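Structural description and commentary
Here is how the chains run, residue by residue.
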Amino acid sequence: MTTKDDHIYIDQILNGDANAFAILVDRYKNLVFTLTLRLLKNREEAEEASQDTFMKVYKSLPSFKGESKFSTYIYRVAYNTCLDRIKRNKKHLNDVPIDEFTADQVVTIDNALNALTESEYQKSIKDGIAMLPEMDGFLLTLYYFEDLSLDEMATVVNLEANTIKVRLYRSRKKLMTIFKERLEPEIIAYYEGQRR
Amino acid sequence: MKDNADKLLESVVEKAMKSAHLESPSSDFTKMVMAQVNLKSTTTVYQPLISKSGWAIIFGCVIAFVVYLYMVLGVSDSTWFESIDFNVVSTNDIANFFSKLKLEQVTSYAMLVCGVMLCAQIPILKYFIDKRQRGVT
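Anyway, here's the lowdown on the structure attached to this text. Every chain's residues receive numbers from 1 upward, in the order its sequence appears when written. Chain A is the first chain written and ligand 1 is the first ligand written, with later ones labelled in order. Thresholds applied to this predicted model are a pLDDT of at least 70 for local features of residues and 80 or more for the giving and counting of side-chain atom pairs; totals over whole chains, interfaces and linings are not thresholded and use all residues.

Some remarks on the overall build of chain B
Along its length, chain B carries six helices and zero strands. Across chain B, helices and strands are ordered from the amino to the carboxyl terminus as α-α-α-α-α-α. When the 137 residues of chain B are sorted by exposure, 8% land in the buried category. The helix and strand labels rest on DSSP assignments: H or I over at least four residues marks a helix, E over at least two residues marks a strand, and numbering proceeds from the N terminus. Note on burial: count the other C-beta atoms lying within 10 Å of the residue's C-beta; 20 or more is buried, 12 or fewer is exposed, in between is partly exposed, and C-beta positions come from the backbone.

As structure tokens, this is what we get:
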């Protein structure tokens, strides 16, 4: 995602051309919506939170000093907006056990996933990510879609870079645990048998 | 062995995450945001309660009133100002009470340090509040 010319549009907006904001909204709406959906787990709520995010960003543009990337700034606003909603709704944060996996087990699950048809594969992945606890889905999305460094991610969620690294590691394991539980035991057994 | 498992885990999760694609909001999402933005742009134009010309008229009226008083009543005739006893400021009970109060040197130093500390807290607090607000918005 290009961020080089974000400041050109920001300057235009600050000079009174409010419509230039539409370009920034189009540029970031999918990732912002995906991130809010990972945290809130509800499409309507995620859409509202995404709109709130862009409105907050628009209002605070005059005070945006460009110390961090504009994208990082938007994701931080999105994260804080969702946290406020989660606190307000007192949502229960679901959790998934962190299992240990050997290399063979990982390969087995990967093979079993690859054996699914394209649409089944897509659905399994999508459902698996949706079942992840809020923060895990958020961090994995930020990491794999935005290629943010650990330090930049730390700025977004206000945590230490090392903590992010550990959480990413645990999130991957949680996702594998979900895949393992969701795939039919027979399929897993079949691919385990094939490896022996 | 464990490193190998971790690397495999990372590549499988990366493949899974990247194949999931990003979710898209409703098709009129941008339009809805821009409607709010345009609403905000039109409603937040700062309008002072008293315009510049309003202030000029008020200022002119005050000047005209003072000049009118000066011309009609005359300043030299009014002696009400001289009749006020300003001694009350220096000879009241409160002023007398404080004149008897003598501070130890240590106490005055302590008060001075407290004052300096208080002044030092202002920029620190401002920095933290600004930072927190930036975090929230």
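Comments concerning the nonpolar core
The nonpolar side chains of a soluble globular protein tend to be buried with one another. Residues and elements named next belong to chain A. Core analysis: the biggest nonpolar cluster contains 56 residues, and Leu35, Ile74, Ala78, Leu139 and Leu142 have the highest contact counts within it. With eleven residues, helix H2 (residues 21-40) is the largest single contributor of residues to this core. Annotation comment: domain bounds sourced from an automatic or database domain assignment. Lining this core are residues from two domains, each supplying at least three of them: domain 1 (6-89) and domain 2 (103-195). Here Leu139 is in contact with Met153, Ile164, Arg167, Leu168 and Ser171, once residues within four sequence places are set aside. Linking buried Ala, Val, Leu, Ile, Met, Phe, Trp, Tyr and Cys residues through C-beta atoms within 7 Å yields a set, and such a set is a nonpolar core. Contact definition: two residues whose C-beta atoms, as placed from backbone geometry, lie within 7 Å.

Examining unusual backbone geometry
Residue and element names in this part refer to chain A. A positive phi angle, close to 60°, is found at Lys41, a residue other than glycine. Its place among the elements puts Lys41 in the loop between H2 and helix H3 (43-59). On the basis of neighbour count, Lys41 is assigned to the partly exposed category, with 18 C-beta atoms found within 10 Å. Backbone geometry places Asn158, a non-glycine residue, at a positive phi of 60°. Mapped onto the elements of the fold, Asn158 is located in the loop between helix H8 (150-157) and helix H9 (161-182).

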